[in-house]
Amino acid sequence: MFPFRRTLFFVLSFSLLLGACAPATTSPTAAPPAAPTIAPAQPTAAQPGAVAPTAPSQPVKEAILRVGWASEPDTMNPLTTYSTEAQEIIQLIYDKLLDYDSSFKTTPTLAKEFSYSPDGLSITFKLRDNVKWHDGQPFTADDVVFTYKLIKDNELGQYAQWLVDLTSATSPDAGTVVLTFAKPQAFNPGLVIPILPKHIWSSMSATDIETFANDQPVGTGPFRFVDWKKGTELTLERNSDFWGSQPAASKIIYILYGNEDVMAQALKGGDIDIITEVPPTIWDGLVDTPDVKAAALPSFSFHHIGFNVSAEPTSLGNPLLKDKVIRQALSYALDRNQLVQVALAGHGKPGDTIIPIGITDWHLAIPADQAMDAKPDKAKEILDAAGYTDTNGDGVRESKDGKPLQFRLIAIETTSVDVRAAQLFRDAAEKVGIKLDLQTLDENTLGNTVYNTDAPDWDIFVWGWDSGVMDPNYMLGVPLCSQIGGNNDVFYCNNEYDGLYDQQSTTLDVAARKQIVDQMQKMFYDDAAYLVMWFQDKLQAYRTDTWQGWKEIPGGLVYNLTRDNYLNITPAK
């Protein structure tokens, strides 16, 4: 995909769990109920967003959906993946307890209903009957309990941050699971954690799981894994035993294209039906193509520059980047509007704080006069004041002990917008006396390089994140100390920030929580471990003569927090 991004798994605030997901324009002022009540599967006045369970229907005829993308998954392991591509496949293979429909309303999945205890410390899930794993084994409450305990007890991956306060996961009977927490939770982990089959995963240790490729994933979802011909294509097929309505697509084939122009031509020629991400310049050329719809949609994404600030002695990053002054100077030097106009051809907005601007309720906008942006003179001023000067006249500043401000910059070679942004960033840095050596890598090499926790051998990267709901909890959780080795890609660690995170995650009053969230955003912005470059539009394109029923929704037709478009489209002919 054109901007290769890690996936943000999606969380929803406690107040929103009780009904439909609030629109992005809603002001975060109303406090949630003190004692949440039952959330039934059937639509009611109290739960307008719930969807009644659907009985399996007869499969439709053979119909193949062909999806074009520019990057492959990193792994099929739900507990260790960092890529959007992997999450796209995983959400079709695996089910969670709850999910979102195409209107971003909570809908039952493996849990047909859930309820909170009066004190908000426990959540009870009533499970769906007669669900089977793809290998024919029955799904049971033990699978849910196993999954939650596995993650909690071993602090596995990005999901562990949502279970910090989990004290128990139990199944009082075969159709019920109860999660109990030490503190009330501002989100429900049932919306984010895919349920794993105990009969497969229980045979592995936590160490084994961390390196488990899961090359033959087995879930309960609407599609089964068929094969993955790396470098070529990945195929899923319809699960004839799926507990819900059968999707119309008998197969989904994800086809890899190393060249964006070739992928666009394949769409025009009818070789593929949809492109997951379209670069701005190519999107413009698809607008008037017959039988093709180019869709520009609001997104919950951003691209950023990240600095290796690891304090570990094994880090191979340049230690000068641990000085906040240098990172702030690079932020002042960067012209974010230039990046939007040149790299994105205007399809986005300049970036600032870590919560995407599409999550309007929670995003903190930095006023222009306070922004570290497009102020090269300010960059020079703070570098001079800190003693970083060019003593030998070569155009590159040195530290007081003579170390040049010269750093390695990496970006993904197939992500054209990031490569162009990296070039502009390099040029901006040069004007304030900092030298950046740009190297492009394939997406998985960059990912493996950045996430090499033992000995991270890099200085600066250009990459990005996908988000997907109107809640800040996950994005704020990325830079936690506890997420080093998980989502924390820059090895940032600030105990004050972590304390605020714990406070906001258990604050149920929305207005009070917003104040804490704003404080965290400003703190991370000032520390400048991330330079958020832009909030881009989601640009996708699809054929109108092969499949019909696509819903153009915020976040994208695909690569979104909902899989509903895959389940609801039908052949156009």
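Residues numbered from 1 in each chain as written. Predicted model: local features only at pLDDT ≥ 70, side-chain atom pairs only at ≥ 80, totals over all residues. Heavy atoms only, no water.

Section: the packing of helix α8 (residues 336–343) against helix α10 (residues 416–431)
Angle between the axes and distance between the axes are the two parameters that describe a pair of packed helices.
And then number 1: α10 packs onto α8 with a crossing angle of 140° between their chain directions and a minimal axis gap of 10 Å. Classified by the interaxial angle, the pair formed by α8 and α10 is oblique. The element α8 and its partner α10 pack so that their crossing is right-handed. In contact with Q338, L339, V342 and A343 of α8, α10 contributes V417, R420, A421 and L424.
And then number 2: A breakdown of the residues in the contact of α8 with α10 according to their chemical character gives six nonpolar, one polar and one charged. (Axes fitted to C-alpha atoms, helices over the stretch in contact; angles between N-to-C directions. Helix = DSSP H or I, 4+ residues; strand = E, 2+ residues; numbered from the N terminus. Parallel < 35°, antiparallel > 145°, perpendicular 65-115°, else oblique. Left-handed = near helix turned anticlockwise from the far one by under 90°. Contact = heavy atoms within 4.5 Å. Nonpolar A, V, L, I, M, F, W, Y, C, P; charged D, E, K, R; others polar.)

Some thoughts on the environment of G402
And then number 1: Within the fold, G402 resides in the loop between α9 (376–385) and β16 (406–412).
And then number 2: Classification of G402 by relative accessible area gives partly exposed; the value is 45%.
And then number 3: Remark: the alpha-carbon pair of G402 and Y388, spanning 14 residues in sequence, is separated by 9.2 Å. (Buried < 20%, exposed > 50% of the residue type's maximum accessible area, 1.4 Å probe, protein only.)

As for the sheet that holds strand β5 (residues 111–116)
And then number 1: Pairing within the open sheet is antiparallel, and its four strands lie in the order β5-β6-β8-β7. Two strands lie at the open edges of the sheet, namely β5 and β7 (166–173), each paired on one side alone. Pairs of neighbouring strands in the sheet enclose a mean axial angle of 20°, with direction left out of account.
And then number 2: Pairing analysis gives five bridges linking β7 to strand β8 (residues 176–181), with the strands arranged antiparallel. Directly across from L166, in β8, lies its bridge partner F181.
And then number 3: Contacts between helix α2 (residues 141–154) and the sheet are confined to β6 (122–127), β7 and β8, with β7 contributing the most and set at about 170° to the helix. (Pairing = 2+ DSSP bridges.)

Topic: helix α1 (residues 84–93)
And then number 1: Most of α1 is tucked away: 10 of the 10 residues are buried.
And then number 2: Buried within α1 we find T84, E85, A86, Q87, E88, I89, I90, Q91, L92 and I93.

Notes on the layout of surface pockets
A probe matching the size of a water molecule, rolled over the atoms, marks out where space remains unfilled.
And then number 1: Roughly 910 Å³ of internal volume is contained in the largest pocket.
And then number 2: What lines the largest pocket is a set of 31 residues, and nearest its centre among them are L79, T80, G157, G485 and G486.
And then number 3: Residues of the lining of the largest pocket, tallied by class, amount to 10 nonpolar, 16 polar and five charged. (1 Å grid on protein atoms, 1.4 Å probe; cavity = no way out; pocket = protein on both sides within 12 Å on 5 of 7 lines; lining within 4 Å. Points joined across faces, edges and corners; volume = space filled by probe spheres on them.)

What about the sheet that holds strand β13 (residues 292–297)?
And then number 1: Taken in spatial order, the seven strands make up an open sheet running β9-β10-β11-β2-β12-β20-β13, and their pairing is mixed. Each having just a single partner strand, β9 (223–229) and β13 make up the two edges of the open sheet.
And then number 2: Where strand β10 (residues 233–238) meets strand β11 (residues 251–256), five bridges bridge the pair, whose relative direction is antiparallel. Its bridge partner lying in β11, L236 is registered against I252.

Describing α8
And then number 1: Three or more residues of α8 are buried, namely R336, L339, V340 and A343. Down the axis, α8 shows its buried residues gathered within 105° of arc, on one side only.
And then number 2: Turning to α8, the residues buried within the fold contact α6 (280–286), α7 (324–333), β15 (348–350), α10 and β19 (530–536).
And then number 3: Just past α8, the residue A345 takes up positive phi, approximately 50°. (Arc of directions from axis to C-beta.)

Considerations on the state of the cysteines
And then number 1: Tallying each qualifying case throughout the model produces one disulfide.
And then number 2: Bridging C481 to C493, the disulfide has an S-S length of 2.0 Å. Taking the sign of the S-S torsion, about 100° here, the bridge from C481 to C493 comes out right-handed. In this pair, C481 is assigned in the loop between α12 (473–477) and α13 (495–505) and C493 in the loop between α12 and α13, connecting sequence segments 12 residues apart.
And then number 3: Exposure remark for C481: the relative accessible area of 17% places this residue in the buried category. (Disulfide = S-S within 2.5 Å.)

Notes on the pattern of salt bridges
And then number 1: Considering all chains together, one arrives at 17 salt bridges under this definition.
And then number 2: Across the pair D291 and R543 runs a salt bridge, and its minimum N-O distance is 3.9 Å. Taken as a pair, D291 in the loop between α6 and β13 and R543 in strand β20 (residues 538–543) lie far apart in primary sequence, 252 residues in all.
And then number 3: Assessed through its relative accessible area of 40%, D291 is described here as partly exposed.
And then number 4: One salt-bridge network, held together by shared partners, links D291, R543 and D545. (Salt bridge = Lys/Arg side-chain N within 4 Å of Asp/Glu carboxyl O.)

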